[in-house]
Amino acid sequence: MFDLTGMTALVTGASGGIGSAIARGLAAQGARLALSGSNADKLERFRDELGGEHVALACDLSDAAAVDALVPRAVEALGKLDVLVNNAGVTRDNLAMRMKDDEWDQVIRVNLEAAFRLIRAAAKPMMKARFGRVVSITSVVGQTGNPGQANYAASKAGLVGMSKALAQELASRNITVNCVAPGFIRSAMTGVLPEAQKNALLGRIPAGDLGSGEDIAAAVVYLASREAGYVTGQTLHVNGGMAMV
Amino acid sequence: MSETADRVKKIVVEHLGVEADKVTEDASFIDDLGADSLDIVELVMAFEEEFGVEIPDDAAEKISTVKDAITYIDEHKG
């Protein structure tokens, strides 16, 4: 089950905490990967660690032209594209009343617009191949909201609605479009939270612990697999029970 | 019948799975041949590949019949 041998995948934000776990999970199931990230050195080191059959494609996801070029680069490097994982995300937290225009713009551009551009580009080779798997990493806060994260919550809820629309557009071509919604996961993003806030968070998680990157990777591997072909337009919540939607 | 017309009709028959004799030049992809909007996108991609032309979105939106496709391709192929 969930064997990805012979499949190729593009993963954005691949050198980050959750992204690298997703990349490892997909590679462990046999997929060949195009790893994308903004830090070229970090990305190259991660590629070297994963193995020579994978490629590193540095890309600034706030640059629309660079984003539009990323899928063609991945197809050229891998020969085809079966799976797109929109994992890259940024936060620029602030109370809405203090939020600057560029804090709003940057988060929407990287988290939502880049994902749209990548799916739009990936749909072409996937339609031709009559096969495709798109998995976007959203967040529990896209469902529940979170103070200080109007921009981030909007971008993550946006991914869910967009994925449902695209799932309907592409289902007849055997292309599925789904989301994985992590709760609070041990990563650089949650590492910066103050201890008191982290403890308060743990009190709201029935499982009593933060999640791991591997928990997310397992969900992505499932949705990327051939076996998940009848699952589309869905959001798989991986959050230790902190929100049941 | 031009060579372009033959190749266009062949692509339409293959992609839409319709009988060749239904693919007349006046046939509308959507009204007569049962295509949906996604089929049109795929047909345009197939035409681009077959003829080495680029069909921008605003031109693609105006292609509604077999003849529209043949005319556009004849005017733009190198």
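Residues numbered from 1 in each chain as written. Chains lettered and ligands numbered in written order. Predicted model: local features only at pLDDT ≥ 70, side-chain atom pairs only at ≥ 80, totals over all residues. Heavy atoms only, no water.

### Thoughts on the confidence of the model for chain B
Residues and elements named next belong to chain B. Selection rule: On a range of 0 to 100, pLDDT expresses the predictor's confidence in each residue. Labels follow the DSSP assignment, with helices taken as runs of H or I lasting at least four residues and strands as runs of E lasting at least two, numbered in each case from the N terminus.
The predicted model of chain B has a mean per-residue pLDDT of 93, with 97% of residues at 70 or higher. Helix H3 (residues 57–60) is the least confidently modelled element of chain B, averaging 92 in pLDDT, while helix H4 (residues 66–76) averages 95, the highest of any element. Two summary scores accompany this predicted model of the complex, namely pTM at 0.92 and ipTM at 0.81.

### Structural notes on helix H6 (residues 150–170) of chain A
Helical periodicity: at 3.6 residues per turn, an α-helix aligns residues three or four positions apart in one direction. Residue and element names in this part refer to chain A. Note the following rule: Every helix has an expected span of 1.5 Å times one less than the residues it contains. Whether a residue is buried, partly exposed or exposed follows from its accessible area with a 1.4 Å probe, protein chains only, as a fraction of its type maximum: under 20%, in between, or over 50%, in that order. It only takes one pair of heavy atoms within 4.5 Å for two residues to be counted as in contact.
Compared with the 30 Å implied by 1.5 Å per residue over 21 residues, the 30 Å span of H6 between its first and last C-alpha is a close match. For H6, the full list of buried residues reads Asn151, Tyr152, Ala153, Ser155, Lys156, Leu159, Val160, Met162, Ser163, Leu166, Ala167 and Leu170. Looking at the buried positions of H6, the neighbouring elements they touch are helix H4 (101–129), strand E5 (132–137), helix H5 (141–144), strand E6 (175–182), helix H7 (188–191) and strand E7 (235–238).

### Points about the packing of H4 of chain A against helix H2 (residues 37–51) of chain B
Applicable threshold: A fitted line through C-alpha atoms serves as each axis, taken over the contacting stretch for helices, and the angle formed by two N-to-C directions is quoted from 0 to 180°. For this classification, under 35 degrees means roughly parallel, over 145 means roughly antiparallel, 65 to 115 means roughly perpendicular, and everything else is oblique.
At a minimum axis distance of 11 Å, the contact between H4 of chain A and H2 of chain B shows a crossing angle of 90°. In terms of orientation, H4 of chain A lies roughly perpendicular with respect to H2 of chain B. Touching Lys124, Met127 and Lys128 of chain A of H4 of chain A are Leu38, Val41, Glu42, Met45, Glu48 and Glu49 of chain B, all from H2 of chain B.

### Points about the pattern of salt bridges
Short version of the rule: Counted as salt bridges are all cases of a side-chain nitrogen of Lys or Arg within 4 Å of a carboxyl oxygen of Asp or Glu.
Following the criterion strictly, the structure yields 18 salt bridges over all chains and no others. The residue Arg117 of chain A makes a salt bridge to Asp68 of chain A at a minimum N-O spacing of 2.9 Å. In this pair, Arg117 of chain A sits in helix H4 while Asp68 of chain A sits in helix H3 (residues 64–78), placing the two residues 49 residues apart along the sequence. The class for Arg117 of chain A is buried, based on a relative accessible area of 18%. Each of Glu3, Arg7, Glu50, Asp74 and Lys77 of chain B takes part in salt bridges that share partners, so that together they form one network.

### Quick look at the interface of chain A and chain B
Under the convention used in this document: A quick way to say it: buried area is the sum, across both parts, of accessible area lost when two parts are put together, with a 1.4 Å probe. Pairs of N or O atoms within 3.5 Å make up the polar contacts considered here, provided that, within protein, one atom can donate a hydrogen while the other can accept it, and that residues adjacent in sequence are counted only when both atoms are side-chain atoms.
Between chain A and chain B, the contact holds seven residues from the first and eight residues from the second. Taken together, the two surfaces of chain A and chain B that pack against each other cover about 660 Å², and 53% of this comes from carbon and sulfur. Per-residue buried area on chain A facing chain B is highest for Met127, Lys128 and Arg173 of chain A; these three make up 66% of the total on that side. Taken together, the connections running from chain A to chain B amount to five salt bridges. The partner of Lys124 of chain A in a salt bridge is Glu48 of chain B, with the nearest N and O atoms 3.8 Å apart. At the junction of chain A with chain B, the criterion picks out four residue pairs in polar contact (both at pLDDT 80 or more). Per element, the largest residue contribution to the side of chain A that touches chain B is three residues, and it comes from H4 of chain A.

### A look at the sheet that holds strand E3 (residues 55–58) of chain A
Residues and elements named next belong to chain A. Selection criterion: Two strands pair under a simple rule: DSSP has to find at least two bridges between them.
Pairing within the open sheet is parallel, and its seven strands lie in the order E3-E2-E1-E4-E5-E6-E7. Among the strands making up the open sheet, the edge pair consists of E3 and E7. Strand-to-strand twist of the sheet, defined as the mean angle between neighbouring strand axes without regard to direction, takes the value 20°. Of the strand pairs in this sheet, strand E2 (residues 32–37) and E3 are connected by four bridges, and their pairing is parallel. For Gly37, the partnering residue across the bridge sits in E3 and is Ala58.

### Regarding the UniProt feature "domain: Carrier" (unreviewed entry) in chain B
What counts here: UniProt positions are given in the numbering used here, feature names are shortened, and annotations may be inferred rather than shown by experiment.
UniProt feature "domain: Carrier" (unreviewed entry): in the numbering of this structure it lies at residues 2–77 of chain B. Here residues 2–77 of chain B is 58% helix and 0% strand, with 14 Å between the C-alpha atoms at its ends.

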